[in-house]
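# Chain and residue survey
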Amino acid sequence: MRAKGAIRLRLGSWNIGTLTGKSIELANILEKRKINIACIQETRWVGEKVRDVDMFKLWYFGREGQERVGILIDKDLRELVVEVRRVNNRLMTIKLVVGEAFHRRRFQGHIGVTSRGYDHVHGGFGFGDRNGGGTSLLDFARAFDLVIANSSFPKKREHLVSFRSSVTETQIDYLLCRKSDRGLCMDCKAIPSEYLSTLHKLPVMDLEITRNRVMYSQHRIKWGALTKAKAQELAVKLLTMGTWRSSGEGDLWWNREVQGKVKTKKAAYLKLVESVDEEEKRANREHHKLAKKEAKLAVTAVETATFSHLYEELDGRGRHKRLFRQIRVDEVEGAIRKISMGKAIGPDKIPEEFWKSVGKAGLEWLTRLFNVIFRMKKMPEEWRWITMVLVYKNKGDIQNCNNYQGIKLLSHTMKVWERVVELRVRRIISIFENQFGFIPGVRLQNPSTLLGD
């Protein structure tokens, strides 16, 4: 039974003799057998190219006079390819982002029926007698912590044989996976009924990969279930609680003058969009440009007045002395206590767990460092460095750089310094109740727009 949210993948490895004149037939067989990834050998195609083969995408590599290999990926996985390495005419690797990583390799040799000294590599369900090539393969797998999937499941004779001719039958094509990913392999066998003008059979391996589900610490709001009656009930509750009331000067940010200018700008924009002829559009464009300029000037004036009021608060009643007095150990200890554990380290390689475990002596040393920074008015140069990590957004082409989000890893020591200064500033200034950005416990998604009569 498949686990909830699991992805089922089927991998194949096939020696096709030649790909010339067989590409469409090969794609039809892979689609019929529901194979997502196929590693093919002896393609006899020269070059280092990529091309579409029906519903699959083919990466191949080969030089004149040597064996050539290729890898086909189906339409559902082709956009998840992040790296293709053409090592040589015998070896190619491909990397996909599907929740977990796995490896595919093809080797030749006879590993034998039993494990005999290779218990952690050989599953005990092989075929034939072991030879030198099989021993080399087992040694390779043991050196790189791999397991041979072909030997991990009890199968009938026809599902173990990967090469059959009129005089012999043997097992020479293998699929390997990492030992840590052994639990992902659900089945592995050779399909005896598929022919492509070659004596080699088609070995396949079924993988079941579970995606890591992202857990959210807060419940997500389902706005689709918001009816008109519920919206009116919410409006009454918010007005009763006084959520939108502020303490006097908070109206500086959103007074009636600014509201009127913004409303006029929006009305001018709607008229511009609804314009039909060129003369009307030209007049409305000038009107919108003027309204936009007036709204911008009104907002700038409000911001200037608000920040002037903030600076007066900092300078008045001796508050600047409270802001720039010497830092105490208890302030540093309180800032460290509020920092979360388990975060990625920054360029200085110092985790936050270090400062939480150094004890009183370490906190005193850090406090002295912060006071030196206060006196010298200069931070360490290392605090200006960042480590940029690119994270895939899980949508769009995975090879497109625009589909990645950059995350900056900063110094945790600098974060402690910033938190000490922030707590001092918050204690001596007033923050309006209708402020939603940069407020503990409040996110920018929280405000709701209530439309009334």
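Quick note: structure is the one above.
Predicted model, so just to flag it, every value in this text is computed and none were measured.

What follows is about the side chain of Asn-371. Tracing the backbone through its elements, the reader meets Asn-371 in helix α10 (residues 359-376). Judged by its relative accessible area of 8%, Asn-371 falls in the buried class. Separated by 2.7 Å, the side chain of Asn-371 and the backbone nitrogen of Ile-327 make a polar contact.

When you tally the buried positions in strand β1 (residues 6-15), you get 9 out of 10 residues, the bulk of the element. Taken together, the 7 bridges between β1 and strand β13 (residues 202-210) define a ladder with antiparallel strand orientation. Within the sheet, the bridge partner assigned to Arg-10 lies in β13 and is Asp-206. Pairing of β1 with strand β2 (residues 37-41) involves 5 bridges; the strand directions are parallel. Across the sheet, Leu-11 pairs through a bridge with Ile-37, a residue of β2. Taken together, β1, helix α1 (residues 23-32) and β2 constitute a β-α-β crossover, and its handedness is right-handed.

Right, let's get into the pattern of salt bridges. Tallying each qualifying case throughout the model produces 18 salt bridges. Between Glu-194 and Arg-33 there is a salt bridge, with its nearest N and O atoms 2.8 Å apart. Here Glu-194, found in the loop between β12 (185-191) and β13, pairs with Arg-33, found in the loop between α1 and β2; they are 161 residues apart in sequence, far enough to count as distant. The exposure class assigned to Glu-194 is buried, which follows from its relative accessible area of 5%. Taking the relative accessible area as the measure of exposure, Arg-33 reaches 25% and is therefore partly exposed. Ionic pairing is found between Arg-424 and Glu-331, a salt bridge with its closest N-O pair at 2.8 Å. In this pair, Arg-424 sits in helix α11 (residues 412-428) while Glu-331 sits in helix α8 (residues 329-337), placing the two residues 93 residues apart along the sequence. Accessibility classification places Arg-424 together with Glu-331 in one group, the buried group. A network of salt bridges, in which partner residues are shared, links Arg-328, Asp-330, Glu-331 and Arg-424.

A few words on the state of the cysteines. In total, this model carries 0 disulfides according to the counting rule given. Looking at Cys-177, it has no disulfide partner, and the nearest cysteine sulfur is the one in Cys-185, 5.3 Å off. Cys-188 takes part in no disulfide bond, and the closest cysteine sulfur to it belongs to Cys-185, at a distance of 5.7 Å. On the basis of relative accessible area, Cys-188 is assigned to the buried category, the value being 2%.

All right, on to the sheet that holds β1 then. Ordered in space as β3-β4-β5-β2-β1-β13-β12, the 7 strands form an open sheet in which the pairing is mixed. The open sheet has two edge strands, β3 (47-53) and β12, and neither has a second partner. Mean inter-strand twist for the sheet, computed between neighbouring axes without regard to direction, equals 15°. As paired elements, strand β4 (residues 56-62) and strand β5 (residues 69-74) share 6 bridges and run antiparallel to each other. Bridge assignment links Phe-56 to a residue of β5, and that residue is Asp-74. α1 rests against β1, β2, β3, β4 and β5 of the sheet, and its axis sits at about 125° to β4.

Quick notes on the rules
- Residues numbered from 1 in each chain as written.
- Predicted model: local features only at pLDDT ≥ 70, side-chain atom pairs only at ≥ 80, totals over all residues.
- Heavy atoms only, no water.
- Helix = DSSP H or I, 4+ residues; strand = E, 2+ residues; numbered from the N terminus.
- Buried < 20%, exposed > 50% of the residue type's maximum accessible area, 1.4 Å probe, protein only.
- Polar contact = N/O pair within 3.5 Å; in protein donor to acceptor, adjacent residues only side chain to side chain.
- Pairing = 2+ DSSP bridges.
- Right-handed = clockwise from strand over helix to strand, strands pointing away.
- Salt bridge = Lys/Arg side-chain N within 4 Å of Asp/Glu carboxyl O.
- Disulfide = S-S within 2.5 Å.
- Axes fitted to C-alpha atoms, helices over the stretch in contact; angles between N-to-C directions.
- Contact = heavy atoms within 4.5 Å.

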